[in-house]
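Chain residues, written in single-letter form:
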Amino acid sequence: MITAGIQRLVAPELPSWASIVPMRLLGRNVGAVVTSFDDEQQRRADYGLGALCNSALLRVLFQLPHGMSVPSRHLGNWERGVLARSPQGVAEQGRGTVTRLACPPVKVELVVVRSRDWQCGIHWASQFGPFCRRVLALPSLPSERAELENLELEARIYGIGLVSTQHVADGWLVPPATFKPKRFSSGQWLFQERAYAEMLATSGPAHSQVSN
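This report concerns the structure included in the present document. (Residues numbered from 1 in each chain as written. Predicted model: local features only at pLDDT ≥ 70, side-chain atom pairs only at ≥ 80, totals over all residues. Heavy atoms only, no water.)

### Considering the overall build of the protein
Okay, so step 1: Across its full length, the protein carries seven helices and 10 strands.
Okay, so step 2: Looking at the protein as a whole, 44% of its 212 residues qualify as buried.
Okay, so step 3: Long-range contacts, defined as pairs at least 24 residues apart, comprise 66% of the intrachain contacts of the protein with a sequence gap of at least 6.
Okay, so step 4: Accessible area of the protein: about 11500 Å², with a carbon and sulfur share of 50%. (Helix = DSSP H or I, 4+ residues; strand = E, 2+ residues; numbered from the N terminus. Buried < 20%, exposed > 50% of the residue type's maximum accessible area, 1.4 Å probe, protein only. Contact = heavy atoms within 4.5 Å. Areas by Shrake-Rupley, 256 points an atom, 1.4 Å probe, with all protein chains shown as cover.)

Quick look at the structure:
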């Protein structure tokens, strides 16, 4: 669980419309700060379409501009086959053209990783580096000055925000670095879809469909 103190600390760093929700990503239980794109979520709901967690499908979709018709001949046989098996509402295929309809339904702005061991925590938080900003929340800080300095140094090197849940009122020990991806990739899109799947799984069976 993410404490109210951490939520207050994180809040100024994020868009006012973002929400923080518990979920499991990359094999870890984290608190994820998520911005939802309601138009895309509603569009998918109209089609009965959930999260798109098929990496092959996302690789093909990523090659296509959103909302623009592309001649089908520009795609290979494999790409056309993937699209032919895709759920309704993902892409529109006309006479000799294909138009991508789907786009990411959420954006994970930041994740909060909790750990009792700071070295493990730094490692786990680092795994989210390609996808969003990271915060490591420790129950307490090392008592030895040299170890604390090593912790702060590694957090700064990796751009990981650092906070102690015992002393959250004192603010950041290290603030989270700004997330500046070199480019958006299909892997990043898949990460957002998996976060969306986690959100759907906790919102009730009526909205829990995951599309492969």
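### Focus: helix H6 (residues 145-158)
One turn of an α-helix holds 3.6 residues; hence residues three or four places apart share an orientation.
Okay, so step 1: Counted at 1.5 Å a residue, the expected span for H6 with its 14 residues is 20 Å, and the 20 Å between its end C-alpha atoms agrees.
Okay, so step 2: Phi turns positive, to about 75°, at Gly 159, one or two residues after H6. (Expected span 1.5 Å × (residues − 1).)

### Section: the sheet that holds strand E4 (residues 69-71)
Each strand in a sheet pairs with its neighbour through backbone hydrogen bonds, running either in the same direction (parallel) or in the opposite one (antiparallel).
Okay, so step 1: Reading across the sheet, the three strands line up as E4-E6-E5 and stay open at both edges, with antiparallel pairing between neighbours. Because the sheet does not close on itself, it has two edges, and the strands there are E4 and strand E5 (91-93). On average, each strand axis in the sheet is tilted by 25° relative to the strand beside it, whichever way the strands run.
Okay, so step 2: The pairing of E5 with strand E6 (residues 97-100) spans three bridges and is antiparallel. Looking at the pairing, Glu 92 lines up with Thr 99 of E6. (Pairing = 2+ DSSP bridges. Axes fitted to C-alpha atoms, helices over the stretch in contact; angles between N-to-C directions.)

### Some points on unusual backbone geometry
Okay, so step 1: The phi dihedral of Leu 26 is positive, around 50°, even though this residue is not glycine.
Okay, so step 2: Assessed through its relative accessible area of 42%, Leu 26 is described here as partly exposed.

### With respect to the pattern of salt bridges
Okay, so step 1: Within the structure shown, the criterion is met by five salt bridges.
Okay, so step 2: A salt bridge links Glu 149 to Arg 145; its shortest N-O distance comes to 3.2 Å. Here the residue Glu 149 and the residue Arg 145 both occupy positions in helix H6, the gap between them amounting to four residues, near one helical turn.
Okay, so step 3: A relative accessible area of 44% places Glu 149 in the partly exposed class.
Okay, so step 4: Here the salt bridges share partners, and the residues they tie into one network are Glu 40, Arg 43, Arg 44 and Glu 193. (Salt bridge = Lys/Arg side-chain N within 4 Å of Asp/Glu carboxyl O.)

### Examining the pairing of strand E8 (residues 133-138)
Okay, so step 1: Most of E8 is tucked away: six of the six residues are buried.
Okay, so step 2: Of the pairings in the sheet, the one linking strand E7 (residues 106-114) to E8 comprises five bridges and is parallel in character. Paired with Leu 110 across the bridge in E8 is Arg 133.
Okay, so step 3: For the segment spanning E7, helix H5 (residues 118-126) and E8, crossover handedness is right-handed.
Okay, so step 4: Looking at chain direction, E8 and strand E9 (residues 160-164) are connected through five bridges and run parallel. (Right-handed = clockwise from strand over helix to strand, strands pointing away.)

### Things to note about the environment of Tyr 47
Okay, so step 1: Following the sequence through the fold, Tyr 47 ends up in helix H2 (residues 38-47).
Okay, so step 2: Considering only alpha carbons, one finds Tyr 47 and Pro 87, 40 residues apart in sequence, at a separation of 9.1 Å.
Okay, so step 3: With sequence-adjacent residues up to four places away left out, Tyr 47 is seen in contact with Gln 88, Gly 89 and Leu 101.

### Brief notes about the packing of helix H3 (residues 55-62) against helix H4 (residues 77-84)
Okay, so step 1: Taken N-terminus to C-terminus, the directions of H3 and H4 make an angle of 115°; their axes are 10 Å apart at the nearest point. Taken together, the axes of H3 and H4 lie roughly perpendicular to each other. For the pair H3 and H4, the crossing hand works out as left-handed. Across from Ala 56, Leu 57, Arg 59, Val 60 and Leu 61 in H3, the residues of H4 making contact are Trp 78, Glu 79, Val 82 and Leu 83.
Okay, so step 2: Looking at the contact of H3 with H4 residue by residue, the classes come out as seven nonpolar, no polar and two charged. (Parallel < 35°, antiparallel > 145°, perpendicular 65-115°, else oblique. Left-handed = near helix turned anticlockwise from the far one by under 90°. Nonpolar A, V, L, I, M, F, W, Y, C, P; charged D, E, K, R; others polar.)

### Concerning the packing of aromatic side chains
Aromatic rings considered in pairs are described by the distance between their centres and by the relative angle of their planes.
Okay, so step 1: For the structure on display, the rule yields three aromatic pairs.
Okay, so step 2: When the ring of Phe 131 is compared with that of Phe 191, the centres are 4.3 Å apart and the planes differ by 10°; the resulting orientation is stacked. In this pair, Phe 131 is assigned in the loop between H5 and E8 and Phe 191 in helix H7 (residues 186-201), connecting sequence segments 60 residues apart. Take Phe 131 and Phe 191: they sit in the same class, and that class is buried.
Okay, so step 3: Taken together, the ring pairs connect Phe 128, Phe 131 and Phe 191 into an aromatic cluster.
Okay, so step 4: The side chain of Arg 28 reaches across the aromatic face of Trp 124, ending 3.5 Å from its centre. (Phe/Tyr/Trp six-rings, centres within 6.5 Å; stacked < 30°, edge-to-face > 60°. Lys NZ or Arg CZ within 6 Å of the ring centre and 35° of its normal.)

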